[in-house]
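# A structural walkthrough
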Amino acid sequence: MELICRMPDNCVNLTIASPPYCIGKAYERSKSLEDFIAAQKRVLPEIARITKEGGSICWEIGYYVKNGCVYPLDYEVFAILRAVEGIVLRNRIIWTFGHGVHGRNRFSGRHEAVMWFTKGDGYTFDLDAVREPQKYPGKRMYNGPRKGQYSGNPKGKNPSDVWSIPNVNAKHVEKLGHPCQFPVGLADRLVRA
């Protein structure tokens, strides 16, 4: 936080972060939902302050879980940033992954959210940089005024707001020392867009 406070206003184009969820990981200082909320109330307005007009804030966040009760932390992030003038939520991206801790008293959690906010309306979004291959390449319209024309964009499809990107677990090739590292593919798509 001290480093952020020393940064000038409107100096950052993109922030991608995943704050601790206060669920008892070795690197966390607290296990309190209230502490998580208080930390976000301190940090998020500062992130907004240093973000350039047209810049983006991508806040990857999951759930606070205690005694089998699940609390979606993106609700709190949204409420905090919604109150900052000029900050607009553009997407709530669901990041889904196939592996993780198995639940015993509820369905196993296999997704988290990336909240994509922009500062103002003058932001850039490069869909072509993140397109995925078409599901049915070469498919053509079978009737109507566009009959015979390609039904999809030849450059590929919009990846949508649900992204299936494997998480980084113990034997993953990207694994470093952090116990909750998120994959390069997630950050890469956010940067390219």
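For clarity, every value in this text was computed on a predicted model and none was experimentally measured.

For the rest of this paragraph, the subject is the overall build of the protein. Check the secondary structure of the protein and you find 4 helices and 7 strands. Reading the helices (α) and strands (β) of the protein from amino to carboxyl end gives α-β-α-β-β-β-α-β-β-β-α. Evaluated residue by residue, the protein yields a buried proportion of 34% over its 193 residues. A separation threshold of at least 6 residues defines the contact pool for the protein, and within that pool the share at least 24 residues apart is 67%. Taken as a whole, the protein presents about 12,100 Å² of accessible surface, with 54% of it coming from carbon and sulfur.

If you trace the 5 strands from one edge of the open sheet to the other, you get E1-E2-E6-E5-E7, paired in mixed fashion. Looking at strand neighbours, the two that pair on one side only are strand E1 (12-17) and strand E7 (162-164), the edges of this open sheet. For this sheet, the mean angle separating the axes of adjacent strands, direction not counted, is 20 degrees. Here 3 bridges tie strand E5 (residues 87-96) to E7, and the two strands are oriented parallel to one another. Bridge pairing links Thr96 to Ser164 in E7. Of the strands in this sheet, E1, strand E2 (51-61), E5 and strand E6 (111-119) are in contact with helix H2 (residues 33-50), which crosses E2 at around 155 degrees. Sheet strands touched by helix H3 (residues 74-82): E2, E5 and E6. Its angle to E6, the strand with the most contacts, is close to 10 degrees.

In this section: the nonpolar core. Within the largest apolar cluster, 23 residues are counted, with the highest numbers of intra-cluster contacts made by Ile57, Trp59, Leu73, Val77, Leu81, Met115 and Phe117. When residues of this core are traced back to their parent elements, those giving at least two are E1, H2, E2, H3, E5 and E6. No other element matches the 7 residues that H2 contributes to this core. Leaving out residues up to four positions away in the same chain, Ile57 has contacts with Thr15, Ile47, Ala48, Thr51, Ile87, Met115, Trp116 and Phe117. By size, the runner-up hydrophobic cluster in this structure holds 10 residues, among which are Phe97, Ile165, Leu186 and Leu190.

In this section: the pattern of salt bridges. Tallied over the full model, the rule gives 9 salt bridges. The salt bridge partner of Arg49 is Asp9, with a shortest N-O separation of 2.6 Å. Of this pair, Arg49 sits in helix H2 while Asp9 is found in the loop between helix H1 (2-6) and E1, placing the two residues 40 residues apart along the sequence. With relative accessibility at 47%, the residue Asp9 sits in the partly exposed group. Taking the shortest distance from any N to any O, the salt bridge between Arg131 and Asp128 comes out at 2.7 Å. Among the charged side chains, a salt-bridge network with shared partners connects Asp9, Glu46 and Arg49.

Bringing H3 into the picture now. Here H3 has its buried residues at Asp74, Glu76, Val77, Ile80 and Leu81. In a view along the axis of H3, the buried residues occupy a sector of 155 degrees, so they form one face of it. Away from its buried face by more than 90 degrees, H3 exposes Tyr75 and Arg82.

This part covers the packing of H2 against H3. The N-to-C vectors of H2 and H3 enclose an angle of 45 degrees; their axes lie 9 Å apart at closest approach. As far as their axial angle goes, H3 and H2 are oblique. The interaxial crossing formed by H2 with H3 has right-handed handedness. Contact with H2, carried on its side by Ile37, Gln40, Lys41, Leu44, Pro45 and Ala48, involves Glu76, Val77, Ile80 and Leu81 of H3 and no other residues of that element. When the residues that make up the contact of H2 with H3 are grouped by side-chain class, the tally is 7 nonpolar, 1 polar and 2 charged.

Moving on, we get to the side chain of Gln40. Residue position: Gln40 is located in helix H2. Side-chain polar atoms of Gln40 contact the side chain of Trp59, separated by 2.9 Å. Not counting chain neighbours up to four residues away, the residues in contact with Gln40 comprise Pro19, Pro45, Trp59 and Ile80.

Rules of the game
Residues numbered from 1 in each chain as written. Predicted model: local features only at pLDDT ≥ 70, side-chain atom pairs only at ≥ 80, totals over all residues. Heavy atoms only, no water. Helix = DSSP H or I, 4+ residues; strand = E, 2+ residues; numbered from the N terminus. Buried < 20%, exposed > 50% of the residue type's maximum accessible area, 1.4 Å probe, protein only. Contact = heavy atoms within 4.5 Å. Areas by Shrake-Rupley, 256 points an atom, 1.4 Å probe, with all protein chains shown as cover. Pairing = 2+ DSSP bridges. Axes fitted to C-alpha atoms, helices over the stretch in contact; angles between N-to-C directions. Core = buried A, V, L, I, M, F, W, Y, C linked by side-chain atoms within 4.5 Å. Salt bridge = Lys/Arg side-chain N within 4 Å of Asp/Glu carboxyl O. Arc of directions from axis to C-beta. Parallel < 35°, antiparallel > 145°, perpendicular 65-115°, else oblique. Left-handed = near helix turned anticlockwise from the far one by under 90°. Nonpolar A, V, L, I, M, F, W, Y, C, P; charged D, E, K, R; others polar. Polar contact = N/O pair within 3.5 Å; in protein donor to acceptor, adjacent residues only side chain to side chain.

This is a description of form; function is not addressed.
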